[in-house]
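Summary of the model geometry
Below are the chains, spelled out letter by letter.
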Amino acid sequence: MDTAPRDPGVWSELAHAEIEKARTTLDAGRLDAAGKALRRSLTLKRTGNYPATTGMGQLANARHEFTTGRRWGLRSTRMAPDRAEGYGVLADAEIQLGHYRGARVAVQRMLDLKPTTAAYSRAAYDLETHGRDQDAAFALQRAAESAQTPDEMAFAESRLGELAWSQGELRRAERHFERATATVPDHPYSAAGLARLQAARGHPAEALRMYDRLVERTPLPQFLLEATELRLARPGRRDRGALAGLKAQARMLRATGGPVDPHLALYEADHGDSATAVALLRREWKRSRSVIVADALSWALHRSGRDAEALTYARAAARTGWKNALFRYHRGVIEYRLGQDTAGDHHLRQALQLNPHFSPYHAPRAARLLHRRDCATAEEHGDRR
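Residues numbered from 1 in each chain as written. Predicted model: local features only at pLDDT ≥ 70, side-chain atom pairs only at ≥ 80, totals over all residues. Heavy atoms only, no water.

1. A short note on the overall build of the chain
- Counting secondary structure elements, the chain contains 21 helices and zero strands.
- Taken over C-alpha atoms, the radius of gyration comes to 22 Å for the chain, in line with the 21 Å a tight globule of 385 residues would show.
- Judged by the C-alpha coordinates and their principal axes, the chain covers about 85 × 40 × 40 Å.
- Across the chain, contacts joining residues at least 24 apart in sequence account for 54% of those joining residues at least 6 apart.
- Separation of charge centres in the chain, based on 60 positive and 47 negative side chains, amounts to 3 Å. (Helix = DSSP H or I, 4+ residues; strand = E, 2+ residues; numbered from the N terminus. Rg over C-alpha atoms; globule rule 2.2 N^0.38 Å. Contact = heavy atoms within 4.5 Å. Lys, Arg positive; Asp, Glu negative; His and termini not counted. Charge placed at Lys NZ, Arg CZ, Asp CG, Glu CD.)

So, in structure tokens, the structure goes:
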């Protein structure tokens, strides 16, 4: 900056570096510096500034402002149809907004132009969302093979770990999470994955120690919720620290009206105020029609006693065919509540078949519900005899 304070390219490079650092460290504080640098770049060069235009899209997506991100992505791809970065911005926004066809077109264009780790990773997410786990694993393997930096390698390995975890493949998940942390020590999503594995193997105390270290440096709602629910799954235990962190973030979200993190909304639904969760997610549903928002809204409505409406959103969450155990669990419980026991059985069994450890808090509830149903059915058959 000292040697070229009026060079728009230098300001854009600085912004991209800050956004990338925020992505890998989950330090959202770096996004403010990125925003200032991008505005400076656009002031110095108002037209044809492709690096700043894609940077503005990446910044919006990083802040979960996906409608704005989509606008910048479209502007980038119109400005330079033969450059891949703009399609990455567009693909990220489209998939989070629930525009799955548009996301796939953008990802394919990105792959055609520049088949890098970034393109393969986005292709994998699209494939996983549509229930094509084997193809997603293949794409992630290509992402790992194409990695040019330790952060890219760790990201691809961590995503492979998450995919294996979602299929209940604990050993395979562990291998990938460990490769990620061997490449980038303290990689946050891999650290959470390893903590989850400890819990699944019956070592909750060690898992909680790992979560404590993680949330101390990275208090994301996802990690706080996982730690909280692991503690709540243990008789007589409460996690006041993590609960306080989640409550504070929920209060801030209600006050600011910003984008809703589905993990935070699920916390409100299960452990806070379910009416607040419904209000937050109805607001988010106006912005994003993604299957993730549909699932969270269905669960919040269920927790508020509105099961008929909840089932509509649970079905919307299933529209891409994502093999997501939590989605299936939510839908099964809602169907039970509506007296649709056969369908409820089917979805709860699917949840546990996909990953019997999908949640230390909810998976045991799924097993208990099925056990009660099996006992009731056996009793009914006995009465008939």
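Additional details are given in the paragraphs that follow.
2. Quick look at the packing of aromatic side chains
- For the coordinates displayed, the defined rule picks out six aromatic pairs.
- Between Trp285 and Tyr313, the aromatic rings sit 5.3 Å apart at their centres with planes inclined by 85 degrees, giving edge-to-face as the arrangement. You can see Trp285 sitting in helix H16 (residues 274–287) and its partner Tyr313 sitting in helix H18 (residues 307–317), a full 28 residues away along the chain.
- Judged by relative accessible area, Trp285 falls into the buried class, the value being 13%.
- Aromatic pair Tyr329 and Phe358: ring centres 5.6 Å apart, planes at 50 degrees, arrangement tilted. (Phe/Tyr/Trp six-rings, centres within 6.5 Å; stacked < 30°, edge-to-face > 60°. Buried < 20%, exposed > 50% of the residue type's maximum accessible area, 1.4 Å probe, protein only.)

3. Details of the side chain of Ser290
- Note on placement: Ser290 falls in the loop between H16 and helix H17 (291–303).
- The class of Ser290 is buried, set by a relative accessible area of 3%.
- Contact partners of Ser290, with chain neighbours within four places excluded, come to Ile95, Gln96, Leu97, Gly98, Tyr100 and Trp285.

4. Brief notes about helix H13 (residues 221–232)
- With 12 residues, H13 ought to run about 16 Å at 1.5 Å a step, and its terminal C-alpha atoms sit 16 Å apart, in line with that.
- Counting buried positions over the 12 residues of H13 gives 12, a clear majority of the element.
- Residues Pro221, Gln222, Phe223, Leu224, Leu225, Glu226, Ala227, Thr228, Glu229, Leu230, Arg231 and Leu232 constitute the buried set of H13. (Expected span 1.5 Å × (residues − 1).)

5. Observations regarding the nonpolar core
- Core analysis: the largest hydrophobic core is formed by 67 residues, its most contacted members being Leu197, Tyr211, Leu281, Tyr329, Leu348 and Phe358.
- If one sorts the elements of this core by residue count, H17 sits on top with eight residues.
- Apart from the residues within four sequence positions on either side, Leu348 is in contact with Arg328, Tyr329, Gly332, Val333, Tyr336, Ala366, Leu369 and Leu370.
- By size, the runner-up hydrophobic cluster in this structure holds 14 residues, among which are Tyr87, Ala106, Ala119 and Ala156. (Core = buried A, V, L, I, M, F, W, Y, C linked by side-chain atoms within 4.5 Å.)

6. Structural notes on the packing of helix H5 (residues 84–97) against helix H7 (residues 117–129)
- One way to put it is that H5 packs onto H7 with a least axis distance of 11 Å and a crossing angle of 20 degrees. Comparing the axis directions of H5 and H7 gives the class roughly parallel. Note that H5 runs across H7; the crossing there is left-handed. Residues Gly88, Ala91, Asp92, Ile95 and Gln96 of H5 pack against Arg122, Tyr125, Asp126 and Thr129 of H7. (Axes fitted to C-alpha atoms, helices over the stretch in contact; angles between N-to-C directions. Parallel < 35°, antiparallel > 145°, perpendicular 65-115°, else oblique. Left-handed = near helix turned anticlockwise from the far one by under 90°.)

7. Quick notes on the environment of Lys323
- By the element assignment, Lys323 lies in the loop between H18 and helix H19 (325–337).
- Assessed through its relative accessible area of 35%, Lys323 is described here as partly exposed.
- In sequence terms Lys323 and Arg132 are 191 residues apart; their C-alpha atoms lie 8.5 Å from each other.

8. A look at the pattern of salt bridges
- Scanning all chains against the criterion turns up 23 salt bridges.
- The partner of Asp92 in a salt bridge is Arg122, and the shortest N-O contact between them spans 2.8 Å. Pair noted here: Asp92 is in helix H5 and Arg122 is in helix H7, with a separation of 30 residues, a long-range link.
- The partner of Asp307 in a salt bridge is Arg337, with the nearest N and O atoms 3.7 Å apart. Of this pair, Asp307 sits in helix H18 while Arg337 sits in helix H19, and the two are 30 residues apart along the sequence. (Salt bridge = Lys/Arg side-chain N within 4 Å of Asp/Glu carboxyl O.)

9. Describing the side chain of Asn61
- Within the secondary structure, Asn61 is located in helix H3 (residues 50–62).
- Leave out the neighbours within four places in its chain, and Asn61 touches Phe66, Gly69, Val89, Asp92 and Ala93.

10. Examining H17
- Compared with the 18 Å implied by 1.5 Å per residue over 13 residues, the 18 Å span of H17 between its first and last C-alpha is a close match.
- Counting buried residues in H17 gives 11 out of 13 residues, a clear majority hidden from the surface.
- Those residues of H17 not exposed but buried are Val291, Val293, Ala294, Asp295, Ala296, Leu297, Ser298, Trp299, Ala300, Leu301 and His302.
- Buried-residue contacts for H17 involve helix H6 (100–113), H7, helix H15 (262–271), H16, H18 and H19.
- A positive phi of about 85 degrees marks Gly305, the residue just after H17.

11. Section: the packing of helix H12 (residues 204–217) against H13
- Where H12 contacts H13, the axes come no closer than 10 Å and their chain directions differ by 155 degrees. Overall, the two elements H12 and H13 adopt an arrangement that is roughly antiparallel. Seen along the crossing, H12 lies across H13 with a hand that is left-handed. Along the contact surface, H12 presents Pro204, Ala207, Leu208, Tyr211, Asp212, Leu214 and Val215, while H13 presents Phe223, Leu224, Glu226, Ala227, Leu230 and Arg231.
- Split by residue class, the contact of H12 with H13 holds 10 nonpolar, no polar and three charged. (Nonpolar A, V, L, I, M, F, W, Y, C, P; charged D, E, K, R; others polar.)

12. Focus on the environment of Val293
- In this structure, Val293 sits in helix H17.
- When its relative accessible area of 4% is taken as the criterion, Val293 is described as buried.
- With 248 residues separating them in the primary sequence, Val293 and Lys45 have C-alpha atoms 38 Å apart.

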